[in-house]
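# Descriptive analysis of the structure
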Amino acid sequence: MGWITLAQARTGANTNDSTNAAAKLIATWLDGQNACVNVSHTHPTNTVYSRDGITLQQEMDVQVVEYRGLAKDLADFIAQYLNENNTRQWRMYGIDTYNNIHEAEITYGPPSTSYSDSLYYWIGGAGGYKYVNDIHNKLGHYFYPPTDGKAVEAEAQRSNAADGWVVRVTTTLYPVPSPYSYNSNNRPINKAFIPVPPAEAWNGVTVSENKQKTFVAYDGNTPVYQNVTTVVKEYRYLTLAQAAAKVTSEAANNSRTLDVRVLVSWGSGGTTYKNITVRGGGTNGTTAATDKVATSRQQGEGLYTVSVNEITYQVTTS
């Protein structure tokens, strides 16, 4: 039996090159010779991340074909040169209904040739859409969103004792569900995720909050309390210059220590006062005043997080 040789395929496809483009021409020619058989075609959807009500899913289109009746030299050529892969891992940022930001990776293709300065998402994957804009200023460079990816894997195998060979080719497409720069509800999956941090990351995420209320004295029959509220916010995914500017702009020292005179006792023997020390704003501490300490730290991949410790002092009587 005569198997199709590499020389025959080169003649039929009119190419003598040893490249991926030549392998594609030969594969097309083999299809025209009825040497290509469809084996399977599936459309799996895999969950790559799921937590706190949001899910990142990977859609795929997988087609398997076999090129049969080949000589060994042709099978080896196809197995070597038909392979290609333009996919890459994209970091995705999802936000849940509690404003927690999640990071996960997904497979798509190369960046688009056109940049996007606004990307749309849905908190928790539902409700009304939100968007992050002015991305090039936030990142310090223009952002080019992902396009569809494609991976082709070719494997040559001997198919019989007469030295006939077959090449099994698996083509996997990794489609982007919908352009992230559109505010369309037609995006069927991954609505909580976008390939840049959401607006909440730049606007500040509250990571802790603490409130204290301490009794300090009676002013006559009226209690006096010192209130201290501590809030820690994080501003993430900043460049070094942005982080330095954020540290400078957030630093604040608005509160002060006050020596306040309060009435302790009164009667026929006279009136007694004492001074108490409180912290706040205004003339007697009853105006809320906030101090801020901002600290920058490396986040990785050349980005920084600025933590802002906000302490608000106020004196109240209830």
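Structure: above.
## Focus on the overall build of the chain
Broken down by element type, the chain carries six helices and 19 strands. A globule of 318 residues ought to have a C-alpha radius of gyration of about 20 Å, yet the chain, at 33 Å, is considerably larger. By principal-axis analysis of the C-alpha atoms, the chain measures approximately 125 × 35 × 35 Å. Here the chain displays about 16800 Å² of accessible surface, and carbon together with sulfur accounts for 45% of that area. Within the chain, one finds 25 positive and 27 negative side-chain charges whose respective centroids are separated by 9 Å.

## What to know about the sheet that holds strand β11 (residues 165-174)
With respect to topology, five strands assemble into an open sheet ordered β1-β4-β11-β10-β5, the strand pairing being antiparallel. Lying at the two open borders of the sheet, with one neighbouring strand each, are β1 (36-42) and β5 (84-85). In terms of strand pairing, β5 meets strand β10 (residues 149-158) through two bridges, oriented antiparallel. Each bridged residue has a counterpart across the sheet, and for Asn-85 the counterpart in β10 is Ala-151. Along the sheet, helix α3 (residues 72-81) makes contact with β4 (61-70), β10 and β11, crossing β10 at roughly 155°.

## Here we look at the packing of aromatic side chains
Per the counting criterion, the structure on display carries eleven aromatic pairs. Taking the centre distance of 6.3 Å and the plane angle of 80° together, the rings of Tyr-49 and Phe-193 count as edge-to-face. Of this pair, Tyr-49 sits in strand β2 (residues 45-51) while Phe-193 sits in strand β12 (residues 193-194), and the two are 144 residues apart along the sequence. Neither Tyr-49 nor Phe-193 differs from the other in exposure class; each is buried. Taken together, a centroid distance of 6.0 Å and an interplanar angle of 70° make the contact between Phe-215 and Tyr-225 edge-to-face. In this pair, Phe-215 sits in strand β13 (residues 205-219) while Tyr-225 sits in strand β14 (residues 222-238), placing the two residues ten residues apart along the sequence. Connected via pairs of aromatic rings, a cluster forms that spans Tyr-120, Trp-122, Tyr-129 and Tyr-131.

## Notes on the pattern of salt bridges
For side chains of opposite charge, pairing can occur when their charged atoms come near one another. This structure, assessed with the given rule, holds 14 salt bridges. As a salt-bridge pair, Arg-168 and Glu-66 come within 2.7 Å of each other at their nearest N and O atoms. One end of the pair, Arg-168, is in strand β11; the other, Glu-66, is in strand β4, and 102 residues separate them in sequence. A relative accessible area of 11% places Glu-66 in the buried class. Among the ionic contacts, a cluster of salt bridges with common partners joins Lys-246, Glu-250, Lys-292 and Glu-310.

## Remarks on the side chain of Thr-107
Summarising the element assignment, Thr-107 is placed in strand β7 (residues 101-108). According to the relative accessible area criterion, Thr-107 is buried, its value standing at 14%. A distance of 2.6 Å separates polar atoms of two side chains, one belonging to Thr-107 and the other to Gln-89.

## Describing helix α2 (residues 20-32)
With 13 residues, α2 ought to run about 18 Å at 1.5 Å a step, and its terminal C-alpha atoms sit 19 Å apart, in line with that. Within the sequence span of α2, burial applies to Ala-22, Ala-23, Ile-26, Ala-27 and Leu-30. The buried side chains of α2 occupy one side of the element, clustering within an arc of 140° when seen end-on. Those residues of α2 that are exposed and aimed more than 90 degrees away from the buried face are Ala-21, Thr-28 and Gly-32. On its buried side, α2 packs onto α1 (6-13), β1, β4 and α3. Of the residues trailing α2, Asn-34 is marked for its positive phi of about 60°.

## Regarding the nonpolar core
Grouped together as the largest cluster of nonpolar side chains are 35 residues, with contacts concentrated most on Leu-119, Val-132 and Val-196. When residues no more than four places from it in sequence are discounted, the contact partners of Val-132 are Asp-117, Ser-118, Leu-119, Tyr-121, Lys-138, Ile-194, Val-196, Pro-197, Pro-198, Ala-199 and Trp-202. Membership of the second largest hydrophobic core comes to 24 residues, among which are Ala-13, Ala-35, Cys-36 and Val-152.

What counts and what doesn't
- Residues numbered from 1 in each chain as written.
- Predicted model: local features only at pLDDT ≥ 70, side-chain atom pairs only at ≥ 80, totals over all residues.
- Heavy atoms only, no water.
- Helix = DSSP H or I, 4+ residues; strand = E, 2+ residues; numbered from the N terminus.
- Rg over C-alpha atoms; globule rule 2.2 N^0.38 Å.
- Areas by Shrake-Rupley, 256 points an atom, 1.4 Å probe, with all protein chains shown as cover.
- Lys, Arg positive; Asp, Glu negative; His and termini not counted.
- Charge placed at Lys NZ, Arg CZ, Asp CG, Glu CD.
- Pairing = 2+ DSSP bridges.
- Contact = heavy atoms within 4.5 Å.
- Axes fitted to C-alpha atoms, helices over the stretch in contact; angles between N-to-C directions.
- Phe/Tyr/Trp six-rings, centres within 6.5 Å; stacked < 30°, edge-to-face > 60°.
- Buried < 20%, exposed > 50% of the residue type's maximum accessible area, 1.4 Å probe, protein only.
- Salt bridge = Lys/Arg side-chain N within 4 Å of Asp/Glu carboxyl O.
- Polar contact = N/O pair within 3.5 Å; in protein donor to acceptor, adjacent residues only side chain to side chain.
- Expected span 1.5 Å × (residues − 1).
- Arc of directions from axis to C-beta.
- Core = buried A, V, L, I, M, F, W, Y, C linked by side-chain atoms within 4.5 Å.

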